[in-house]
Amino acid sequence: MSPPRPESQLRTSGSLSRRLTLRLVLSAAFLTLVLFFVVLAFVRDISQRTQDSILLASATSIMDSLRVEAGQITLDIPYAALSMLGNVSNDRVFYNVRKDGEVLTGYEDLPAPSQAPSPGAPSYATEEYRGASLRRVTLARRLSLDGGPADIEITVAQTREGQTAELARLTRWALMMGGGFFLVSALIGIWAAQSSVQPLHALTGVVSRRGPKDLRPVRHAVPSEMAPLVQSLNRFIERLRVSLARSEDFIAEAAHRVRTPLATVRAQAEITLRRVEKAENRASLREMIRAIDESSRAAGQLLDHAMVTFRTDSLERKPVDLDGLARDLVERLRPVADLKDIDLQYSCAGVSPLRGDAILIQNAVRNILDNAIKYAPSETGVLIDVRQGPLDVIISVTDEAGGFPAEEDTAVLTQRFVRGSNAAGTIGSGLGLTIAREVAEAHGGKLVIEPSSTGAGACVSLSFPLR
Ligand SMILES: Nc1ncnc2c1ncn2[C@@H]1O[C@H](COP(=O)(O)OP(=O)(O)O)[C@@H](O)[C@H]1O
Ligand SMILES: [Mg+2]
């Protein structure tokens, strides 16, 4: 099995939520700017119009107070005409009245429009006067006097300091409003971006929380945009499920089909060996039997390992009676041990049942026991001990086989197809300890290899947590 690719090696192209957030925040900033300038222009326009209409009202009321008596112009400027301007701001007010371009009353040097406004159409202008900016309105009217028509022009002007101050205040206010608007829309943007990728996170959670063998289709409700993705994922899961089921069937079938004919061939070779007398024929028959043993063992171990890989992926946890299981195995392997005059001793101090897969545990223990018998010289003893620790159940197999090769790392010997230097001449495929370790690890336990207490061999133990 190749190690899973670390997530950092996955190619990513930016982040959806970051991209969305950035766009929403940029749009908010753009809208804020537009809004700010629109509000500013609007406010400026309104304040200008307000000042203009009061200036006009003032000029009109002065115009209305013009009287022609006995062919002479009399002018009595009403108090309200100028005081109404003071209501808006404390700006200075200037005025003058001209008759045919000659100032009758008021400020002489007050700027006049370059072109005389036509009667009824006031002229407005913003001008510099006495070091201040001035807003001015000029009204014109034609009067009939004794000596003929006279053009009367009335100009009323007001400095713009109050207006400028007011505008600055409104600009500050608009800036603050804009800032607030931007902040709120940016927050809404961030929230919207987060909530639009939330279904993706939810789906990731649902899929990654699954056990490794959970091959049910994903039923989690997703937004319609994600439905095609989930559908392809489900199709993929279904294909995987079918293919796994097929492989599992294949392994069981293959184990059966390989072992049976090999056993037959071996039996036939044994029978022939008994009949043949010529030494060289006997030698080659022995060689043949050995090769058959080797291949049937290798095939068996390979298939066992494949089976273990499958079953550990979807570990079923049922109560397992380790005592009964070990006792049964010892009895089954006793004939093999007897062939080498190895004494199998079994001890168990009573253990509580653990939760796990009995087939896997049996396979693991068989491989350890197998090794002990295989690597031990004749007429030695093997002790199988089942006991309970505070948190786990431990089964250990102690042999007198001289121990593991000192120069080799036992962790390496538990890897696939690795055999030790003491394995020369014994049949094996280097998968036994791998199977034992994988089974222990799948149950949350571990495989421990230590020298036996007497130093005559090794003590290999499997521990399974009780949970
Ligand atoms: N009980 C044992 N005593 C000494 N060496 C052992 C024992 N069990 C395993 N080993 C060493 O560990 C190696 C790996 O064991 P294993 O995975 O069962 O493969 P195999 O038995 O097929 O060689 C063996 O080749 C052997 O060198
Ligand atoms: Mg072995």
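In this text, all values refer to a predicted model and were calculated from it rather than measured experimentally.

> Sorry, what's going on with the site of ligand 1 here?
Surveying the vicinity of ligand 1 reveals 18 residues, the closest of which are Y375, D399, R419, N422 and G430. Contacts to ligand 1 include D399, whose side-chain N or O atom sits 2.8 Å from a nitrogen atom. Between an oxygen atom of ligand 1 and a main-chain N or O atom of L433, the distance comes to 2.8 Å. Protein chains bury 99% of the 530 Å² of accessible surface belonging to ligand 1 in isolation. Counting only elements with at least two residues in the shell around ligand 1, the list comes to α7 (358-375) and α9 (432-442). If you tally residues by element for the shell around ligand 1, the top one is α7, at 3 residues.

> Hey, could you run me through the nonpolar core in this one?
Nonpolar side chains tend to gather and get buried jointly when the protein is soluble and globular. If you look at the biggest cluster of nonpolar residues, it comprises 47 residues, and the most contacted ones within it are I361, I395 and L462. In this structure, L462 is in contact with A364, V365, I368, V393, I394, I395, A436, A440, K446 and L447, ignoring residues within four places of it in sequence. A59, L66, V137 and L143 belong to the second largest nonpolar core, which has 16 residues in total.

> I'm lost on unusual backbone geometry in this one. Help?
Among all residues except glycine, the phi angle is most often negative; among peptide bonds, the trans geometry is most common. Of note in the backbone geometry, R130 takes a positive phi value of approximately 50 degrees without being a glycine. Relative to the assigned elements, R130 resides in the loop between β5 (123-129) and β6 (132-145). Its identity as a non-glycine residue notwithstanding, E379 has a phi of 60 degrees, on the positive side. Along the chain, E379 turns up in the loop between α7 and β11 (381-388). Note on E379: relative accessible area 65%, which makes it exposed.

> I keep staring at the sheet that holds strand β12 (residues 392-398) and nothing clicks. Help me out?
Sheet strands pair via backbone hydrogen bonds, and the direction of the pair is either parallel or antiparallel. Read across the sheet, 5 strands follow the order β9-β11-β12-β14-β13 without closing on themselves; strand pairing throughout is mixed. For this open sheet the edge positions go to β9 (343-348) and β13 (446-451), each flanked by a neighbour on one side alone. Across this sheet, the average inter-strand angle for adjacent strands is 15 degrees, counted without regard to direction. The pairing of β13 with strand β14 (residues 458-465) spans 6 bridges and is antiparallel. Considered in β14, the bridge of P451 is made with A458. Relative to the sheet, helix α6 (residues 322-339) contacts β9, β11 and β12, its axis offset from that of β9 by approximately 175 degrees. Running at roughly 170 degrees to β14, α7 makes contact with β9, β11, β12, β13 and β14 of the sheet.

> Would you mind going over the sheet that holds strand β3 (residues 93-99) with me for this structure?
Judged by pairing direction, the sheet is antiparallel, and its 5 strands sit side by side in the order β4-β3-β7-β6-β5 without closing on themselves. Each end of this open sheet is capped by a strand with a single partner; those strands are β4 (102-106) and β5. Along the sheet, successive strands turn relative to each other by an average axial angle of 30 degrees, direction set aside. As paired strands, β5 and β6 are joined by 7 bridges and run antiparallel to one another. Bridge assignment links E128 to a residue of β6, and that residue is S133. On top of the sheet, helix α1 (residues 16-64) reaches β3, β5, β6 and β7 (148-159); it is set at about 30 degrees to β6, its chief contact.

What counts as what
Throughout, residues of each chain are indexed from 1 in the direction in which the sequence is written. Here the convention is simple: chains get letters from A, ligands get numbers from 1, in the order in which they are written. Restriction of local features to residues with pLDDT of at least 70 applies here, the model being predicted, together with a cutoff of 80 or more for giving and counting side-chain atom pairs; totals for whole chains, interfaces and linings are based on all residues. Computation of side-chain values: all heavy atoms of the structure, hydrogens and water removed. One heavy atom suffices: a residue is near a molecule or strand as soon as one of its heavy atoms comes within 4 Å of it. What qualifies as a polar contact is a pair of N or O atoms within 3.5 Å, subject to a donor-acceptor requirement within protein and to the restriction that residues adjacent in sequence count only when both atoms come from side chains. Reported accessibility uses the Shrake-Rupley method at a 1.4 Å probe radius. Residues are deemed covered only where the shown protein chains occlude them. Going along the chain from the N terminus, every DSSP run of H or I of four or more residues is numbered as a helix, and every run of E of two or more is numbered as a strand. What makes a nonpolar core is a set of buried Ala, Val, Leu, Ile, Met, Phe, Trp, Tyr and Cys residues whose side-chain atoms join them at distances within 4.5 Å. Accessible area is worked out with a 1.4 Å probe on protein chains only. A residue is then buried under 20% of its type maximum, exposed over 50%, and partly exposed in between. Residues are treated as being in contact if the distance between any of their heavy atoms lies within 4.5 Å. Whether two strands pair depends on DSSP finding at least two bridges between them. The angle between two axes is taken between their N-to-C directions and runs from 0 to 180 degrees, where each axis is a line fitted to C-alpha atoms and a helix contributes only its stretch in contact.

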